[in-house]
Amino acid sequence: MHRITRTSGATAAKPVGFDWLDPVGVCIDVIAVPEPKTATKNRVHVDLATTSAAHQAELVARLEALGATPAHVGQGDVPWTVLADPEGNEFCVLESREMYRDTGPIARVVVDCADPRAMAHFWDEAMDWTLHEVTDDHAVWCSAKGVGPYLEFLRSPDVKTVPDRVHLDLVPDPGDDRAAEVARLRALGAAGLDVGQGDVPWTCLTDPEGHEFCVLARS
């Protein structure tokens, strides 16, 4: 898994023209779509890493100066800060944690789900990352190379009702056939997805809980 895509409430379904690339190669694409964000909390979000309390406070202040606003998602009294970007997409600025010290700016990508153990069964077979931990409450992966952000599927009581505005994209290994990879994922429990994408060099799928994701062509 090398890419995270977030949709933006603009007028055309195409990239807006810029990417962010962190030091370990996880890319975030911002894609324009006509649908605005609903009041529903995103079921996929990113958490940003910090190295100290001072760094956390400085990063929150800088993000708020850029247009982020405090967000309330029922988090209560927690040591991290929940913010929303200018379009209302939630993200967190975490307190300093040793496990995220070498991830780069993105500590983890968090996906809400109903059954982390079931998601662990699918996603552990779907990608070549290392399953770090699995419990009834969450399933956590990290890169097999031991660098970059973690991926966490977190148990949530919320029911998926709208398409995810943030989703994962999978990139096949060099030399792998995309059609064969799609067939393998479907055999694991993924389903085909038509979002009006037309003739494009990627394939849209959903995992067994309905989270949308894409399999990209390496080109």
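Residues numbered from 1 in each chain as written. Predicted model: local features only at pLDDT ≥ 70, side-chain atom pairs only at ≥ 80, totals over all residues. Heavy atoms only, no water.

(A) How the structure looks around the pairing of strand β8 (residues 106-113). Of all the eight residues making up β8, eight are buried; the element is thus mostly covered by neighbouring parts of the structure. Looking at chain direction, strand β4 (residues 44-48) and β8 are connected through five bridges and run antiparallel. Note on β8: the bridge partner recorded for His-45 is Val-110. (Buried < 20%, exposed > 50% of the residue type's maximum accessible area, 1.4 Å probe, protein only. Helix = DSSP H or I, 4+ residues; strand = E, 2+ residues; numbered from the N terminus. Pairing = 2+ DSSP bridges.)

(B) Local environment of empty space enclosed by the protein. Taken as a whole and assessed by the stated rule, the structure comprises one cavity of 30 Å³ or more. Its boundaries defined by the atoms lining it, the largest cavity holds a volume of some 60 Å³. Looking at the largest cavity, the residues that line it are Val-44, Val-111, Trp-123, Phe-153, Asp-164, Val-166, His-167, Leu-168, Asp-207, His-211, Glu-212 and Phe-213. Elements supplying a minimum of two residues to the lining of the largest cavity: β12 (166-170) and β15 (212-216). Counting residues per element, the lining of the largest cavity draws most heavily on β12, which supplies three residues. Residue composition of the lining of the largest cavity, by class: seven nonpolar, two polar and three charged. (1 Å grid on protein atoms, 1.4 Å probe; cavity = no way out; pocket = protein on both sides within 12 Å on 5 of 7 lines; lining within 4 Å. Points joined across faces, edges and corners; volume = space filled by probe spheres on them. Nonpolar A, V, L, I, M, F, W, Y, C, P; charged D, E, K, R; others polar.)

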